[in-house]
Amino acid sequence: MTRRPSHALFPHDTSVLNESERDNWLRLARAPGIGAGTCRELFKTFSSVEEVLDALPGMAVRGGRKTYTIPSDEAIEAEKEAVEKANARLIFLPEPTYPALLRHIYDPPPAITVKGDMRVLERQCIALVGSRNGSIAGKQVARTFASELGARDFTTVSGLARGIDTAVHRASLAVGTIACLAGGIDRIYPHQNLKLAEQITQTGLLLTESPMGRPPHARLFPARNRLISGLSVAVIVIEAKTRSGSLITARTALEQGREIMAVPGSPLEPRSDGCNRLIQDGAHLVRNIEDILEALQHHHFQLHGPQTYGAEDEQTVPVMAGWEISQHERERIAQCLSLALISIDDIGQETDIPIGVIQTVLLEMEVAGRLIREQGNRVALLPTA
């Protein structure tokens with residue numbers, strides 16, 4: 001299975017932030033219209049979080065938003081107090097404690113909330129994912145893989161879901177495991193895993209990019225899945241139907257340059273369809289710990305340095321801050337957009353407008369909440385309510 005190169009977002013050395021800088025990073029993470037991919041684009045032009053925050057209101061208005069409000073000091077203090085009350089902590093993208101592998105994905109979250117023992121991040125992480133309705137055999141494979149990887153000083157990563165995820169976490173409690181959440185760190189889902197989540201924090205870690213109190217809406221789970229793969233050098237899919245969240249994790253792992261492994265199964269078992277297709281497409285077939293270790297020996301994943309974006313197939317043209325863009329250019333660019341994803345290169349070829357101008361207009365629309373951006377420099381309009 002062909003892996004894409006890894007990416008690096010933040011173009012500066014990691015450093016310890018003072019309290020004011022931490023507040024500004026939290027303010028950016030919670031600003032309207034700001035996703036992780038948006039941050040990546042903003043830091044191509046602005047050299048500090050303070051510059052970004054100063055620029056956002058004007059960008060949003062030019063992008064079509066009537067008003068734009070940066071989170072207040074009161075809102076920032078309230079979230080910090082809630083995090084502290086939950087015995088959790090906030091970690092920001094430039095900080096040295098931010099997980100190194102996660103920092104180098106295409107769209108690392110500007111802020112994560114964690115609860116538990118950070119030392120599990122010092123070991124190499126491997127994700128194990130699978131069906132929420134895992135079979136008895138599948139859950140046994142998950143427990144075996146998790147315990148044997150733990151015995152070899154790996155940290156397992158999964159999503160705290162029912163079935164395979166739960167089996168992985170339970171089998172890893174003795175050595176520590178990481179559970180990535182879709183909602184806030186105080187909104188454990190599913191409810192029946194509340195006790196398991198608390199057990200995980202004793203030796204391992206809960207991790208999320210969602211703010212305190214945010215419910216785990218369905219739309220948040222694909223973003224959660226990229227955290228699972230982003231923390232890991234490899235993803236092992238144990239059971240998965242053809243259309244499942246586990247295959248979304250495998251896809252994001254492929255985009256992030258991670259190794260993909262899958263457990264084969266009977267062609268008569270629907271829960272094996274996804275795994276068998278992954279193997280057919282080039283994922284490593286794994287039956288036991290020896291197969292996993294052999295696949296890892298052939299894995300040549302490397303991080304790009306913090307001074308480079310490392311995206312060989314993507315535009316790195318910065319937005320044109322202060323550039324006068326005509327209404328005609330804005331209209332031409334908007335006419336190219338629809339609910340279907342389109343590449344920025346295609347917009348450039350269609351309009352013959354400089355890429356820097358296109359990037360500026362699209363970023364302003366993104367900040368205004370009118371646009372989504374996916375890896376590969378593809379954009380689409382957000383559906384209107």
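Here the structure is a predicted model, which is why all the values come from computation and not from measurement.

1. Focus on unusual backbone geometry
Then, in step 1: Cis peptide bonds are those with omega within 30 degrees of zero, and the linkage from Y189 to P190 qualifies with 0°.
Then, in step 2: Tracing the backbone shows P190 in the loop between β5 (177-180) and α8 (194-203).
Then, in step 3: At N87, a residue that is not glycine, the phi angle is positive and equals roughly 60°.
Then, in step 4: Counting through the fold element by element, N87 comes out in the loop between α4 (73-85) and β1 (89-92).

2. Examining the pattern of salt bridges
Then, in step 1: If you walk through the whole model with that rule in mind, you get 20 salt bridges.
Then, in step 2: Close ionic contact of D73 with R27 constitutes a salt bridge, the shortest N to O distance being 2.6 Å. One end of the pair, D73, is in helix α4; the other, R27, is in helix α1 (residues 19-29), and 46 residues separate them in sequence.
Then, in step 3: Since its relative accessible area comes to 10%, R27 is described here as buried.
Then, in step 4: As a salt-bridge pair, R373 and E41 come within 4.0 Å of each other at their nearest N and O atoms. In this pair, R373 is assigned in strand β11 (residues 371-374) and E41 in helix α2 (residues 36-42), connecting sequence segments 332 residues apart.

3. Quick look at the packing of α1 against α4
Then, in step 1: One way to put it is that α1 packs onto α4 with a least axis distance of 10 Å and a crossing angle of 100°. Compared by their axis directions, α1 and α4 come out roughly perpendicular. Facing α1, whose interface residues are E19, D23, L26 and R27, α4 presents D73, I76, E77, E79 and K80.

Definitions and cut-offs
Residues numbered from 1 in each chain as written. Predicted model: local features only at pLDDT ≥ 70, side-chain atom pairs only at ≥ 80, totals over all residues. Heavy atoms only, no water. Helix = DSSP H or I, 4+ residues; strand = E, 2+ residues; numbered from the N terminus. Salt bridge = Lys/Arg side-chain N within 4 Å of Asp/Glu carboxyl O. Buried < 20%, exposed > 50% of the residue type's maximum accessible area, 1.4 Å probe, protein only. Axes fitted to C-alpha atoms, helices over the stretch in contact; angles between N-to-C directions. Parallel < 35°, antiparallel > 145°, perpendicular 65-115°, else oblique. Contact = heavy atoms within 4.5 Å.

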